[in-house]
Amino acid sequence: LKARMEAERLPRGVDPARHLKLGRGGLSDVEWTAQMLQLRHGHEVPGLRTTSTLDALTAAQQAGLLAEEDGDTLREAWTLC
């Protein structure tokens, strides 16, 4: 589903490896990860009930759903993009 969505949204002629939102490791990868955690655990972790990607990543780390190192890497990637 994610690959199809990105393929359909990527503008023609754009190198996917250089697209900050839809390319590999881009914003959509970080947001997708946060949203999957929200869907799976939001009923039990109130901090995941947010529209902020960075806040959701922090809440997932604090709840032990995301390793510190992984959360830090995702946060850094999102901020860089």
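Here the structure is shown first, and the text comes after it.
Starting afresh in each chain, residues are numbered from 1 along the sequence in its written order. Residue-level local features of this predicted model are given only where pLDDT is at least 70; pairs of side-chain atoms are given and counted only at 80 or more, and the full residue set underlies all totals for whole chains, interfaces and linings. Where side-chain values are given, they derive from all heavy atoms of the structure, hydrogens and water being excluded.

Things to note about the pattern of salt bridges
- Whenever a carboxyl oxygen of Asp or Glu lies within 4 Å of a side-chain nitrogen of Lys or Arg, that contact is scored as a salt bridge. Within the structure shown, the criterion is met by one salt bridge.
- Across the salt bridge formed by Arg75 and Asp72, the nearest N and O atoms sit 3.9 Å from each other. Here the residue Arg75 and the residue Asp72 both occupy positions in helix α4 (residues 68-80), the gap between them amounting to three residues, near one helical turn. Strands are runs of DSSP state E lasting at least 2 residues, helices are runs of H or I lasting at least 4, and numbering of each runs from the N terminus.

Focus on the packing of helix α2 (residues 27-41) against α4
- Note on method: axes are straight lines fitted to C-alpha atoms, helices fitted across the in-contact stretch only, with angles between N-to-C directions ranging 0 to 180 degrees. It is the contact of α2 with α4, at a shortest axis distance of 9 Å, that shows an interaxial angle of 135°. Taken together, α2 and α4 sit at an angle that is classed as oblique. As α2 runs across α4, the sense of the crossing is left-handed. From α2, Leu27, Val30, Glu31 and Thr33 reach across to α4, where they touch Leu74, Ala77 and Trp78.
- Nonpolar residues are Ala, Val, Leu, Ile, Met, Phe, Trp, Tyr, Cys and Pro. Charged residues are Asp, Glu, Lys and Arg, and all others, Gly as well, are polar. For the contact of α2 with α4, a count of residues per class yields five nonpolar, one polar and one charged. Note on terminology: angles under 35 degrees are roughly parallel, angles over 145 are roughly antiparallel, angles of 65 to 115 are roughly perpendicular, and the others are oblique. Handedness of a crossing is defined here by the sense of rotation of the near helix relative to the far one, left-handed for an anticlockwise turn of less than a right angle and right-handed for a clockwise turn. By the convention used here, residues are in contact when the closest approach between their heavy atoms is within 4.5 Å.

A look at the packing of α2 against helix α3 (residues 53-62)
- In contact at an axis separation of 9 Å, α2 and α3 are set at 55° when each is read in the N-to-C sense. Taken together, α2 and α3 sit at an angle that is classed as oblique. Considering how the two elements wind past one another, α2 and α3 form a crossing that is left-handed. Every residue of α3 that contacts α2 at Val30, Glu31, Ala34, Leu37 and Gln38 is listed here: Thr53, Ala56, Leu57 and Ala60.

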